[in-house]
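Here are the chains, one letter per residue:
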Amino acid sequence: MIRSELVQKLTDAHPDLEAREVELIVSCFFDEISKRLAADGRVELRGFGAFSTRARDARTGRNPRTGEVVEVGAKRVPYFKPGKEMRSRLNVD
């Protein structure tokens, strides 16, 4: 699902809200998650999962087009861990 599909589903589910109001809510939600992760925080949504960041060490990589050796610096990357309820929904027998 992409962002516009999410906005459309929420607009359909809540006809009392206008599409631009729903877009503002979705944007605010994603912005707050991003800000918290950028501050090296963690965002937990009960029943869904937790967003956090993980550190990656510097390493030597290769340019796939030329094969040239490239130094890749250390960085933080986003990480999502699904909650127990989410895992149980995905693994219905």
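Below you will find a few notes about this structure. Worth saying up front: this structure is predicted, and the values here are computed from it rather than measured.

What counts, and at which threshold
- Residues numbered from 1 in each chain as written.
- Predicted model: local features only at pLDDT ≥ 70, side-chain atom pairs only at ≥ 80, totals over all residues.
- Heavy atoms only, no water.
- Pairing = 2+ DSSP bridges.
- Helix = DSSP H or I, 4+ residues; strand = E, 2+ residues; numbered from the N terminus.
- Axes fitted to C-alpha atoms, helices over the stretch in contact; angles between N-to-C directions.
- Contact = heavy atoms within 4.5 Å.
- Parallel < 35°, antiparallel > 145°, perpendicular 65-115°, else oblique.
- Left-handed = near helix turned anticlockwise from the far one by under 90°.
- Nonpolar A, V, L, I, M, F, W, Y, C, P; charged D, E, K, R; others polar.
- 1 Å grid on protein atoms, 1.4 Å probe; cavity = no way out; pocket = protein on both sides within 12 Å on 5 of 7 lines; lining within 4 Å.
- Points joined across faces, edges and corners; volume = space filled by probe spheres on them.
- Buried < 20%, exposed > 50% of the residue type's maximum accessible area, 1.4 Å probe, protein only.

A closer look at the sheet that holds strand E1 (residues 43–45)
- An order of E1-E2-E5 is seen for the three strands of this open sheet, with the pairing classed as antiparallel. Where the open sheet ends on each side, the last strands, each with one partner, are E1 and strand E5 (75–82). Strand after strand, the sheet turns through a mean of 30° between neighbouring axes, direction not considered.
- Sheet analysis places strand E2 (residues 49–56) next to E5, joined by eight bridges and oriented antiparallel. Across the sheet, residue Ala 55 finds its bridge partner in E5, namely Arg 76.
- Contacts between helix H2 (residues 19–38) and the sheet are confined to E1, E2 and E5, with E2 contributing the most and set at about 40° to the helix.

A few points about the packing of helix H1 (residues 3–13) against H2
- Relative to each other, H1 and H2 sit at 125°, their axes nearing to 9 Å. Of the possible angle classes, the one that applies to H1 and H2 is oblique. At the point where H1 passes H2, the crossing takes the right-handed sense. From H1, Arg 3, Leu 6, Val 7, Leu 10 and Thr 11 reach across to H2, where they touch Ala 19, Val 22, Glu 23, Val 26, Ser 27 and Phe 30.
- Partitioning the contact of H1 with H2 into residue classes produces seven nonpolar, two polar and two charged.

Side note on the layout of surface pockets
- Here the largest pocket is characterised by a volume of approximately 290 Å³.
- Looking at the largest pocket, it is lined by 13 residues, and the ones nearest its centre are Leu 6, Val 26, Phe 29, Phe 30 and Phe 48.
- Breaking the lining of the largest pocket down by element, the ones donating at least two residues are H1 and H2.
- If one sorts the elements of the lining of the largest pocket by residue count, H2 sits on top with five residues.
- Residue composition of the lining of the largest pocket, by class: twelve nonpolar, no polar and one charged.

Digging into the side chain of Thr 11
- Turning to its location among the elements, Thr 11 is positioned in helix H1.
- Classification of Thr 11 as buried rests on a relative accessible area of 16%.
- Not counting residues up to four positions away in its chain, the partners in contact with Thr 11 are Leu 17, Ala 19 and Val 22.

These values are about where atoms sit, not about what they do.
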